[in-house]
Structures are given as C-alpha cells and as structure tokens.
Amino acid sequence: MYVPSVDRPLSGAEWRAFVAAQGFGHLIAGGVDREVPVVTPTQFVMDGDEVLAHVAAANPILAALAERPRALLSVAGDWAFIPSSWKAIREEDPERGIPTTYYAAVQLSGPVEVASEPDAIAAVLRRQLAALQPDVAVADPEEAHPKKLQAIRAITIRVEHVESKFKYGGNVDEEHRRAIVDRLAERSAPGDAAALEHAIQRVSSVTDLGSAFRRP
C-alpha cells in the first residue's frame, strides 16, 4: 500500500482505534505457488498485538495457510467522496478542482496459528465474545456447542507488521482542510461522520504545505 508521509496516522492509537471500530476486514493468505491469494471476508477482534478470527473448516483459506502460515488482514473504511468543487476556495475556479476520496486503511500481517482442537477454538471464541458483546450473558461455547466447534477453525495472527493510511486532506493547507471539514459537516452522507472526525483531527495537526498545493 502506498502511504505518502502526509497520510500517516497521527499516532498508533489512531490506527488501533480505527481497526477496533471497524471489526470487519479481508483476511488474505498467499499460500505457495498460487496464481491468486485466497481472500476471506471476516469478523475479527484485535486483542493487543493479536488478531483473532474463526472460519468454517471448509474455508479454502485454511489450505493456503497450511502451505504457508502467514496472513494479511486488510481493513478499510471511514470513507467519503470529496467532490471537485469542494477543493476550491475563495477565487479558485470550482470547475478546476480535483475530486478525491477520504478514507482510512490498515493492513496487519504476521505469522498465523490455526487451531482445530475444541478447547483452543473455544478459547479464541471467548476472547472474541468478551470484546464484541461484553455486556451480554452467553453460555460457554465449549459447554453449549461442543459439536459445532468441530465445524470451525480458530485463526490467530501475531501482528509483526502494520501499514496504515489516513487520507484526509494532508496534501493541502489548513485553509483548504477547514473548507472540506465544513462541507462534510453540512452534507451528512453515509460515511461523512467518521471521515469528518479524522479530518477535524488534521485541521491543525498536519504540517501546512502552503501554496504548492493550492488550486489555480
């Protein structure tokens, strides 16, 4: 993933909060000598430096992980389309503005452990349930659903590498960023609220790059 310096997260806390809030991504395993990797959309939980997920025992990603026990989890979201006219302020010609999309994306990768034993699967499910529904009473999976545990596999990624991108106007000066913040707040389309939060954080946090990025 290409990440210009102006699109880096403001802190490690930002990308972690984003990943936790999304909770859904695409698990990717390349295997060995495959023409294309196996991609599985999945719910997940990030617990410390581990990503926890579970898949059906028949899922083809397990064969790829057996060949090479490494995976990448791709998480993207909080996106909003920014029309070309929004990129023009004051006397700038709105017809010459350049549209863009604000979004966040994080990719987590590392070695994978696949568990097939009921007690190990149940242990991962307990951690997922504790994170996803901490206030909801639930029967212990190993006691309540012993047969169903045979139909799934637990996946744990030990995260070794993180790439994160927060594309929210870092390539323009503060005045242009403020103008887009105001318009996002007015539009209130799906995705705008999350994008607005990231954009507001960058109004005065990103280095002012000055006239080099101003539209004619």
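What you see is a predicted model; the values in this text were computed from it and never measured.

Trainee: Just checking my understanding: could you explain the pattern of salt bridges for this structure?
Mentor: Once their charged atoms are close, side chains differing in charge can pair, the charge on each being opposite to the other. What the rule picks out here adds up to 11 salt bridges. With its nearest N and O atoms 2.9 Å apart, the salt bridge here joins glutamate 67 to arginine 34. Of this pair, glutamate 67 sits in helix 2 (residues 61-67) while arginine 34 sits in the loop between strand 1 (24-29) and strand 2 (38-43), placing them 33 residues apart in sequence. On the accessibility criterion, glutamate 67 (37% relative accessible area) is partly exposed. The class of arginine 34 is partly exposed, set by a relative accessible area of 32%.

Trainee: How should I be thinking about the packing of helix 5 (residues 174-187) against helix 6 (residues 192-201) in this particular structure?
Mentor: Two packed helices can be described by the angle between their axes and the distance between those axes. It is at 9 Å that the axes of helix 5 and helix 6 come closest, and there the two elements cross at 155 degrees. Viewed along their axes, helix 5 and helix 6 adopt a mutual orientation that is roughly antiparallel. You can see that helix 5 and helix 6 cross each other, and the crossing is left-handed. Here Val181, Leu184, Ala185 and Arg187 of helix 5 lie close against helix 6, whose contacting residues are Asp192, Ala195, Leu196, Ala199 and Ile200.

Calculation rules
Residues numbered from 1 in each chain as written. Predicted model: local features only at pLDDT ≥ 70, side-chain atom pairs only at ≥ 80, totals over all residues. Heavy atoms only, no water. Salt bridge = Lys/Arg side-chain N within 4 Å of Asp/Glu carboxyl O. Helix = DSSP H or I, 4+ residues; strand = E, 2+ residues; numbered from the N terminus. Buried < 20%, exposed > 50% of the residue type's maximum accessible area, 1.4 Å probe, protein only. Axes fitted to C-alpha atoms, helices over the stretch in contact; angles between N-to-C directions. Parallel < 35°, antiparallel > 145°, perpendicular 65-115°, else oblique. Left-handed = near helix turned anticlockwise from the far one by under 90°. Contact = heavy atoms within 4.5 Å.

Everything listed here is a matter of coordinates, which is why it stays silent on function.
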